[in-house]
Amino acid sequence: MVAGKTKRQFNRITLYIVIILLCLIFFYPAFVVFANSLRSYTSTSTLFFNGFHWKNYLLAVTMIPFGSYLLHSLAIAGISVIGTTMMSGVVGFGFARLYGPGKNVLFIIILATMMLPGIVTQVPQFLIYHRIGFINTYWPWVVGAIGGSPFFIFLYKQFFSNIPKEMEEAARIDGCSTFGIFLRIFIPVSVPVITTVAVMTFQGSWGDAMSPFMYLSSNMWPLATALISATYTLNGNANVVLYPVLEAAAIIFAVPSIITFFVGQRYLVEGIVTTGLKG
Amino acid sequence: MSKKTWTTTVMSVGVAATLGMMASPIMVNAAATKPVTITIAFDSGAFSTQEVQYFEKLHPGIRINLVTYNSGALPAEFASGSAPDIIETTGSSLPSDVEKGLALNIQPYINKTKSVFNPKNFNPVVDQYRWNGKVQGQGPLYGLPKDWSPDFDIWVNKKVFKEAGVPLPSAIKPMTWNQVFADAKKITLFTGKGKLVRYGLDYYADGQAQPEYQLLSFQAQEQGVSLWSKDFSQAQFNNPKVMKILTQWVTAVKENIGPNSVNNDKNFFGSLFTSDKLGMMISGYWFSGYLRAAAPKTLNNYYMIPAPIYSAKYRMDPPASATGAYIWTGSKHKAQAWTAFTYFFGQKPVIDRAESGWGLPIFKNKMALVPQKTAWDKSILKVAKGDLKYADKLIRFNPYVDATSVNTVMTNFLTPVYYGKSTLQNAVQQIDGELNSLIQAGMSTAGN
Amino acid sequence: MGQVAIEQSVVQKARPKIRLLPRKQSKRRALEFYLFISPWFIVFVLFGIIPMLWGLYLSFTNYTGYNFSHLRFIGAENYHLVFTDSQAMQALARTAVLTFIGVPLGVIIGFLLAVLLNNKVKGLSMYRTIFYLPAILPTVASGLIWQMMYQTDGGILNTLFGFFGMKPIDWMGYGMAQPSFIISGLWGAGGGLMIYLAGLKGIPQSLIESASIDGANYWRQFIHITIPLMTPILFFNLLMGLIGSFQNFLQPLLLTGLSLTGDPIQPIYLYMNHAWINIFVFDRFGYGLALLWVLFAVILIFALIVFWSQKYWVHYESGED
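Residues numbered from 1 in each chain as written. Chains lettered and ligands numbered in written order. Predicted model: local features only at pLDDT ≥ 70, side-chain atom pairs only at ≥ 80, totals over all residues. Heavy atoms only, no water.

Helix and strand content of chain C: 14 helices and zero strands. Traced from its N-terminal end to its C-terminal end, chain C shows the element sequence α-α-α-α-α-α-α-α-α-α-α-α-α-α. Overall, the C-alpha framework of chain C stretches about 70 × 60 × 35 Å when taken along its three principal axes. With 321 residues in all, chain C has 56% of them scored as buried. Counting only contacts in chain C whose residues sit at least 6 apart along the sequence, the fraction spanning at least 24 positions is 66%. Accessible surface, chain C: about 14200 Å² in total, of which carbon and sulfur atoms supply 67%. (Helix = DSSP H or I, 4+ residues; strand = E, 2+ residues; numbered from the N terminus. Buried < 20%, exposed > 50% of the residue type's maximum accessible area, 1.4 Å probe, protein only. Contact = heavy atoms within 4.5 Å. Areas by Shrake-Rupley, 256 points an atom, 1.4 Å probe, with all protein chains shown as cover.)

A word on the interface of chain C and chain A. Facing 97 residues of chain C, the contacting portion of chain A comprises 97 residues. Here chain C meets chain A over a buried area of about 8900 Å², counting both sides, of which 80% is carbon and sulfur. Ranking the residues of chain C by area buried against chain A places Phe36, Trp40 and Phe47 of chain C at the top, with a combined share of 9%. Taken together, chain C and chain A are joined by zero salt bridges. The tally of links between chain C and chain A comes to nine residue pairs in polar contact (both at pLDDT 80 or more). Ranked by residue count, the leading element in the side of chain C that touches chain A is helix H2 (residues 23–58) of chain C, at 20 residues. Class assignment for the residues of the side of chain C that touches chain A results in 74 nonpolar, 13 polar and ten charged. (Buried area = accessible area lost by both parts, 1.4 Å probe. Salt bridge = Lys/Arg side-chain N within 4 Å of Asp/Glu carboxyl O. Polar contact = N/O pair within 3.5 Å; in protein donor to acceptor, adjacent residues only side chain to side chain. Nonpolar A, V, L, I, M, F, W, Y, C, P; charged D, E, K, R; others polar.)

Residue and element names in this part refer to chain A. Assigned domains of chain A: these are domain 1 (2–55) and domain 2 (65–275). Relative to domain 2, the C-alpha centre of domain 1 lies at a distance of 32 Å. Counting residues at the interface gives seven residues for domain 1 and seven residues for domain 2. Here domain 1 and domain 2 share an interface that buries about 600 Å² over both sides, 77% of which is from carbon and sulfur atoms. (Domains from an automatic or database assignment.)

Residue and element names in this part refer to chain C. Packing of helix H11 (residues 218–246) against helix H14 (residues 285–313) leaves a shortest axis separation of 10 Å and a crossing angle of 165°. With respect to H14, the axis of H11 lies roughly antiparallel. Viewed along their axes, H11 and H14 form a crossing whose handedness is right-handed. Here Thr231, Leu234, Phe235, Leu238, Leu239, Leu242, Ile243 and Phe246 of H11 come into contact with H14, specifically with Leu295, Val298, Ile299, Phe302, Ala303, Val306, Phe307, Gln310 and Trp313. For the contact of H11 with H14, a count of residues per class yields 15 nonpolar, two polar and no charged. (Axes fitted to C-alpha atoms, helices over the stretch in contact; angles between N-to-C directions. Parallel < 35°, antiparallel > 145°, perpendicular 65-115°, else oblique. Left-handed = near helix turned anticlockwise from the far one by under 90°.)

For the rest of this paragraph, the subject is the packing of aromatic side chains. What the rule picks out here adds up to 96 aromatic pairs over all chains. The interplanar angle of 65° and the centroid separation of 6.1 Å between the aromatic rings of Phe235 of chain C and Trp313 of chain C together place this pair among those described as edge-to-face. Taken together, the positions of Phe235 of chain C in helix H11 and Trp313 of chain C in helix H14 put the pair 78 residues apart, joining distant regions of the chain. Residue Trp313 of chain C is classed as partly exposed on the basis of its relative accessible area of 32%. Positioned above the aromatic ring of Tyr109 of chain B is the side chain of Lys112 of chain B, whose terminal nitrogen or guanidinium carbon lies 5.5 Å from the ring centre. (Phe/Tyr/Trp six-rings, centres within 6.5 Å; stacked < 30°, edge-to-face > 60°. Lys NZ or Arg CZ within 6 Å of the ring centre and 35° of its normal.)

Now for helix H8 (residues 213–222) of chain B. Residues and elements named next belong to chain B. Of all ten residues that make up H8, ten are buried, and the element is covered over most of its length. Of all the positions in H8, only Tyr213, Gln214, Leu215, Leu216, Ser217, Phe218, Gln219, Ala220, Gln221 and Glu222 are classed as buried. If you follow the buried residues of H8, they end up packed against helix H7 (177–187), strand S9 (196–203), helix H9 (240–254) and helix H15 (403–418). You can read the cap of H8 off the contacts: a side-chain oxygen lies 3.0 Å from the backbone nitrogen of Gln214, and it is on Glu212. Looking one or two places after H8, you find Gly224, whose phi comes out positive at around 80°.

Residues and elements named next belong to chain B. Strand order in the open sheet formed by five strands is S2-S1-S3-S12-S6, with mixed pairing between adjacent strands. Two strands close off the open sheet at either side, each with one partner strand: strand S2 (62–68) and strand S6 (144–145). One ladder, built from two bridges, connects S6 with strand S12 (residues 323–327); its direction is antiparallel. Paired with Pro145 across the bridge in S12 is Gly324. Lying on the sheet, helix H12 (residues 334–346) is in contact with strand S1 (36–42), S2, strand S3 (86–90), S6 and S12; it crosses S12 at an angle near 165°. (Pairing = 2+ DSSP bridges.)

Quick look at the environment of Ser69 of chain C now. Mapped onto the elements, Ser69 of chain C comes out in the loop between H2 and helix H3 (77–84). Distance in space between the C-alpha atoms of Ser69 of chain C and Pro168 of chain C is 55 Å, their sequence separation being 99 residues.

Taken together, the contact pairs 30 residues of chain B with 24 residues of chain A. Looking only at chain B, the three residues that lose the most surface to chain A are Asn70, Phe268 and Trp358 of chain B, adding up to 21% of its buried area. Between chain B and chain A we count zero salt bridges in total. On inspection of chain B and its partner chain A, the count reaches one residue pair in polar contact (both at pLDDT 80 or more). Looking at the side of chain B that touches chain A, the elements that each hand over two or more residues are S2, helix H3 (74–80), helix H10 (269–274) and helix H11 (287–294) of chain B. Residue composition of the side of chain B that touches chain A, grouped by class: 15 nonpolar, twelve polar and three charged.

Attention now goes to the pairing of S12 of chain B. Residues and elements named next belong to chain B. With four of five residues buried, S12 is to be regarded as a mostly interior element. With five bridges connecting them, S3 and S12 associate as antiparallel partners. In the sheet register, Thr89 faces S12, and the bridge partner there is Gly324.

This paragraph deals with the pairing of S9 of chain B. Residues and elements named next belong to chain B. Burial analysis of S9 places seven of its eight residues in the buried class, the great majority of the element. Relative to S9, strand S8 (residues 189–190) runs antiparallel, the two sharing two bridges. Looking across to S9, one finds that Phe190 is bridged to Leu196. Where S8 folds back onto S9 in an antiparallel hairpin, the turn is made up of five residues, including Gly194, whose phi is positive at roughly 85°. Two strands pair when backbone bridges link them, and S9 and strand S10 (residues 278–282) are joined in this way by four bridges, in the parallel orientation. Opposite Leu201, over in S10, you have Met280 as the bridge partner.

On to empty space enclosed by the protein, then. Scanning the entire structure with this criterion turns up five cavities of 30 Å³ or more. When its volume is computed, the largest cavity comes out at roughly 180 Å³. Surrounding the largest cavity, 18 residues form its lining, Lys100, Tyr400 and Gly442 of chain B together with Phe282 and Asp283 of chain C being those nearest its centre. Residue assignment for the lining of the largest cavity shows that the elements contributing at least two residues are helix H4 (94–99) and helix H16 (424–446) of chain B. (1 Å grid on protein atoms, 1.4 Å probe; cavity = no way out; pocket = protein on both sides within 12 Å on 5 of 7 lines; lining within 4 Å. Points joined across faces, edges and corners; volume = space filled by probe spheres on them.)

With that settled, consider unusual backbone geometry. The phi angle at Asp276 of chain B is positive, at roughly 60°, despite the residue not being glycine. Mapped onto the secondary structure, Asp276 of chain B falls in the loop between H10 and S10. Among the residues examined, Asp276 of chain B registers a relative accessible area of 16% and is labelled buried. The backbone of Lys120 of chain C shows a phi angle near 50°, a positive value even though the residue is not glycine. Structurally, Lys120 of chain C is set in the loop between helix H4 (86–117) and helix H5 (124–136). For Lys120 of chain C, a relative accessible area of 73% gives the class exposed.

Now the structure itself:
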């Protein structure tokens, strides 16, 4: 018995060593950005701190209209998170709990669009948005949010399908409308899946640099697009990019994503478990 | 008319009338001063918000909307009529902007604004924005550069030269390209473990010592040849003289004389230069602006020399392309766009830019504004002014294919050569083939 | 996605119930169903189907971005060009090879990370965040990271390896670019972590306990219980990874430079880079769209093959849910 216990302890220690080593490997590249964000812009890149120019962080938020970019980031993320989380839920509920001719075919279409390479529609969509005046407006995001996302519709459907029928029937007998049932019976028990969808949508929309690049002119860009367009230049000369300042900005920009993930992760696992994605 | 439509119509007329009556005293006023918005698409930071505010105070009827130039979105913006009024371009893309029908002929406006844009006061660089359908440098103006530099001038780091034991080049007499490559090779040094001590040469486009459209065009033209046939319908990279230049660069890449796509050094050339790891830097007068900001204490360690030549008989020292802008032909407010254009390219911002030392003004009478406080400032300016005599021989760019495309094609097929995966002969053939097909498409867009 | 089969059976079972309802009520129910799914459906038709068809039409024209006024219908010329364009075909083969190496590796590593973390370890939420970090860092940060890592001279990796006396490696050169590309992709392998963790949590404890009682050690449990029960999730991630990987263009661009119109070196010049350059650099919209439609067909074929393969390796619980 004693030998078994020592062996188990040994296994435990090995496990922690492996995990911590892996953490170092996975974390180090991100650390490199941080270390480099503190170097002076006249020095070359470094693998550990070679200076502490905290001024880079100040420059990161003052050299460009950081506040304005941030507001646009928040607007886009807000529209996407609220809209997508709500509308995907509504559509998912329809597929989980309501019946109508053609339901099977429609659901297979949803699954198929999950597999469709987005790029096939993106370029013509971009041209059409230009024609109908959606450019330099938030309409592309509003429309996207209304339509929901196939993957999230799928998640919601899985989740709602697992909720016992009895609850719904009881409410119906009490004279509750279908939408009322959705709001009062289904939504309150769906916190894990709602959080999952909200966190994932936030990550996606906060980090998306491409769509704003295509649909918005620069004074409406969110941070993701502004940063990738290398705006930290000396005297507006595109040949002179201040990389340490850009790195500082990237760090600041990543903070909200990391926080939402750190806070939301508990629900994320729970949300996915309960949707029965396990198949 | 159905009942419903009828009611809607009556209601809307009613509402409009009421609103109109209520609002009329204010509305009339507002309509008279309702500002027109002019959108300017340029690299971010090129124009400051203070300059915009100053302009708006001068011209209350015009608002300026400053956006970052985004080449990816432009085609769709042109197609839908939502493109900016004033759009950034370079001298290398201007002919193709005109051929695509995008750039407005501003000659008539210039003629009416002689007080600001006096042709006699223009530095030769302005001609880069002339196009007569066949030759760049002739015909009406389709835009103006914001400023310029003799971009192929070379910055020398004295310390690096001394450490390498290479004699310093003359500050007045241009070097030959052969000399440049030879010195660069001598300067370049790596430790036994393959760690960099110093590079010999770098070029500011992409920060790599590699051939690039503007540089290659310049080197070809110095030898009296062109990358294109006379009517620009064919690419001629297979010209023996062009091939020879390319061979020189391929050797330079193999000898590792500077950052390139093989050693993949992403370090910023400015940092390399000021940390004494780079001997010669091909970049124009504007680089003095960077040096003043980044290395104010060691300025005397650096000096600028004229652009290299192939033979003493022929010398030119043009800008690589000169960044500037045109007015879009589809602009709905051309008069106001011109007012804004006049301001940003002819008035106060020009003075501000000249004083900043990040470029030379396009006007002769503003040349005195560039920094010349110190002996160093003066010595640099002296070289730049000397180059001016040779700045009127301009590079001729192809009107059917833009500079980005040419560079993309070149990188695409030359990189395998650097790695020894393809021969130059082969690459040049592929480059010509790809460019010819792009020229064909460009000609059909232009409607030729 | 084994869900499809399960869903169909569920729906089919539900059908007779509908017929039992009074006619009026079933009509009302159907109406409600359509009402609930209408947001998705309307957007899907207006901004999914219509752009697709329009794009299909444009792929048969000489559209170059500036010639709407004199657009010409040129038949299948663009498609013919796709198959004769050696760069496009080489890029497609390259993309396929990198996908078939990179995606399964990513799935396996992500899964193993999840298995490690499923051992009731202390500080779980921190490890999870670190492994997941690459997936949530902004693209610009990942781009900066890997450029600094892979730089030949003075780059992070070469400096680190230099401490052990190794000669600098040309990470982004012809020889190493593809492995480097895959390594930087594997850094993001933690992206699927949450789904794997959820799947592992979903394995009934009773199964594992009964196996331990039967004397099965950790490895036997892992091989005979964990892996089979996880195959549907592995399959799902494999399929999604495959679809995503064929459309990858940002990763090679970021390894090359920060420019969205950049030109990656040949070993990592992917099919989508070729399409992107043709559209946004060369302004060959018609041709670019033809390239995209061909890619769509290719992805569909590979997706179907993966689908077909699942009957050989994906384990579905038989019986009722």
